[in-house]
Amino acid sequence: MTEEHREASRAQWEQAAKGWAAEAEERERGPVGRAADRMLEAAAPRPGERVVELACGAGDVGLRAAEAVGPDGRVLLTDFAEPMVELVRERARDLPQVDARTLDAEDPNLGERFDVALCRLGYMLMPDPARALRATHDLLEPGGRLALAVWAEAGRNPWLSLLFDAVMGVLGAPPPAPGMPGPFALGDPARVEELVSAAGFTDVVVDEVEDVRAFASPEAWWEEMRSNAGGPIATVLAALPEEQRARIGDRAMAAARPFADAGGLRFLATLVVASGVRRS
């Protein structure tokens, strides 16, 4: 089941890559951008240091780290979806200190070490996040710093959980079993702290970033979620018959309407941010 999930996830992200990169600028204005701020504050990459970003997606966090390390540093952006890596290479074409490589974060086998490791919205989607965190620990030099972010629990992210509820309700699918990969799989801060500590990191700090995601209307929210802005779930929706997709939209928008006011639609969005240090 783990390998089956991994391949299905890879295929979904490969299809979502182009739209995910196109939404990068807008995405960084919201709560995930604030999470990146917190990650970079915690990891504090310095001029000349070596940084690796795992499950980099469009490379947003790593490209910001490239500014911090400067031309004498090195930033390696990695993702297991080759189309993502190709898009990152294009985005970084004028930054000689940046390289990009296709890589599975659970089994990196890079043969080199780094001063900083970054991973935003990646570990929660991996079949074995504990294994991936141990591998990340091994990628760092003694004194190397890790910073990560994952979505908090579903109830603290209705902007996304309502859509998942609508999909499961229309398709008659059960909720994910505990421990299964997904957006909210690592939503418990205590669980994140436990995993990071168990991977060998010390000085572990776990915090939260809370923000608002605003949309003009329930219809505007649904349109954005069903497009590439929704990531792999947009791929799932696109593969469904139009009748099912319309029913999911109706159900989702009805659930979203209580979050609307005169100014539009306002959802809570919360991320868990954690950092740690490799001491030896």
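Our structure's up above, just so we're on the same page.
Residues numbered from 1 in each chain as written. Predicted model: local features only at pLDDT ≥ 70, side-chain atom pairs only at ≥ 80, totals over all residues. Heavy atoms only, no water.

(A) Focus on unusual backbone geometry. A positive phi is found at Asn109, a non-glycine position, where the angle reads about 45°. Inspection of the secondary structure assignment puts Asn109 in the loop between strand S3 (98-102) and strand S4 (114-120). By relative accessible area, Asn109 is classed as exposed at 63%. The backbone of Asp203 sits at a positive phi, close to 50°, despite the residue not being glycine. Position of Asp203 among the secondary structure elements: in strand S6 (residues 202-215). A residue is classified by how much of its surface remains accessible, and Asp203, at 43% relative accessible area, is partly exposed. (Helix = DSSP H or I, 4+ residues; strand = E, 2+ residues; numbered from the N terminus. Buried < 20%, exposed > 50% of the residue type's maximum accessible area, 1.4 Å probe, protein only.)

(B) Representation of the side chain of Thr136. Mapped onto the secondary structure, Thr136 falls in helix H6 (residues 129-139). Within the structure, the side chain of Thr136 is placed 2.8 Å from the side chain of Tyr123, a separation counted as a polar contact. (Polar contact = N/O pair within 3.5 Å; in protein donor to acceptor, adjacent residues only side chain to side chain.)

(C) Summary view of helix H8 (residues 189-198). Every buried residue of H8 is accounted for by Val192, Leu195 and Val196. Taken end-on, H8 shows its buried residues confined to a sector of 95°, consistent with a single buried face. Buried residues in H8 make contact with H6, strand S5 (140-151), S6 and strand S8 (264-277). You can read the cap of H8 off the contacts: a side-chain oxygen lies 3.1 Å from the backbone nitrogen of Ala190, and it is on Asp188. Once H8 finishes, Gly200 follows within two positions and takes phi at roughly 110°, a positive value. (Arc of directions from axis to C-beta. Contact = heavy atoms within 4.5 Å.)

(D) Structural detail: the state of the cysteines. For the coordinates displayed, the defined rule picks out zero disulfides. Left without a disulfide partner, Cys56 is nearest to the cysteine sulfur of Cys119, which lies 9.5 Å away. Residue classification places Cys119 among the buried residues on the basis of a relative accessible area of 0%. (Disulfide = S-S within 2.5 Å.)

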